[in-house]
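Now for the letters of each chain:
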Amino acid sequence: FKPTEHIKLYVVEVKDTTKGPRITVSRSHPEFVKRLFEEEVTEIQDGTVEIRSIAREAGSRTKMAVSTDNPNVGINGSRVNAIVEELRGEKIDIINWSDSPAVLIENALSPSKVISVDVDEEEKTASVVVPQDQLSLAIGKEGQNARLAAKLTGYKIDIKCE
């Protein structure tokens with residue numbers, strides 16, 4: 001950042017201390033991305049689109065699951081680009097939310113293709129089978145895609161090739 005540049009921050013906490021108020025702010029908190037989308041996307045503001053889950057590795061990539069009852073609504077690329085610019089080029093994957101854990105996990109592993117997902121809801125684990133040529137895409141660079149998919153869904157995901 002440059003001196004005198006205006007930046008957006010997320011207020012994590014405000015504490016009253018003996019030396020006066022102490023404000024903790026963050027640009028890496030997942031709620032920061034949520035607030036940026038709420039500010040930029042009118043469909044999120046009016047409740048047409050709901051952000052259901054966010055997983056983030058700040059400065060690198062964010063995966064966000066959204067749901068809507070209106071099939072004609074999509075999040076416009078130019079509005080997402082404004083948020084990417086605010087986040088200094090961080091990649092953002094927006095996926096469709098599903099109440100079915102198997103479908104949600106398949107969506108979360110995008111852009112890779114998934115052959116099958118076997119979910120154990122009690123153990124919160126999933127075994128995923130992908131085509132041989134999709135394995136590195138499903139896992140991602142240094143495991144990032146799989147890690148973010150696991151954070152987003154709340155499931156421990158084991159990825160194997162067919």
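Anyway, here's the lowdown on the structure attached to this text. Each residue is numbered by its place in its chain's sequence as written, counting from 1. Only residues with pLDDT of at least 70 are given local features in this predicted model, and only at 80 or more are side-chain atom pairs given and counted; all residues enter the totals for whole chains, interfaces and linings. Water and hydrogen atoms play no part in the side-chain values, which are based on all heavy atoms of the structure.

Structural notes on the sheet that holds strand 7 (residues 125–130)
Worth spelling out the cut-off: The pairing criterion for strands is at least two bridges between them, as found by DSSP. Going along the chain from the N terminus, every DSSP run of H or I of four or more residues is numbered as a helix, and every run of E of two or more is numbered as a strand. Axis geometry follows a simple rule: fit a line to the C-alpha atoms, using only the stretch in contact for helices, then measure angles between N-to-C directions, giving values from 0 to 180 degrees.
Taken in spatial order, the 3 strands line up as 6-7-8 in an open sheet, and their pairing is mixed. Each edge of the open sheet carries a strand with a single partner, namely strand 6 (116–120) and strand 8 (156–161). Shown here is a sheet whose adjacent strand axes are inclined to one another by a mean of 15 degrees, direction ignored. In this structure, strand 6 lies alongside strand 7, joined through 5 bridges in antiparallel fashion. For Val119, the partnering residue across the bridge sits in strand 7 and is Ala126.

Topic: helix 4 (residues 101–108)
Applied cut-off: Remark: exposure states derive from per-residue accessible area (1.4 Å probe, protein chains only) relative to the maximum for the residue type, with buried under 20%, exposed over 50%, and partly exposed in between. It is the directions from the helix axis to the C-beta atoms that the arc portrays. A contact between two residues is defined here by any heavy atoms of the two lying within 4.5 Å.
Restricting attention to buried positions, one finds in helix 4 the residues Pro101, Leu104, Ile105 and Ala108. What you see down the axis of helix 4 is that its buried residues fit within an arc of 100 degrees, all on one side. Buried residues along helix 4 sit in contact with strand 4 (61–68), strand 5 (91–96), strand 6, strand 7, helix 6 (144–153) and strand 8.

Overview of the packing of helix 4 against helix 6
Describing two packed helices takes the angle between their axes plus the distance from one axis to the other. The following threshold applies: Two helices crossing with the near one rotated counterclockwise from the far one by less than a right angle form a left-handed crossing, whereas a clockwise rotation gives a right-handed crossing. Residues are grouped as follows: Ala, Val, Leu, Ile, Met, Phe, Trp, Tyr, Cys and Pro are nonpolar; Asp, Glu, Lys and Arg are charged; every other residue, Gly included, is polar.
Closest axis-to-axis distance for the helix 4/helix 6 pair is 9 Å, and the angle between their directions is 145 degrees. Every pair of crossing elements has a handedness; the one defined by helix 4 and helix 6 is right-handed. The residues of helix 6 that touch helix 4, namely those facing Leu104, Ile105 and Ala108, are Asn145, Ala149, Leu152 and Thr153. Tallied by class, residues from the contact of helix 4 with helix 6 come to 5 nonpolar, 2 polar and no charged.

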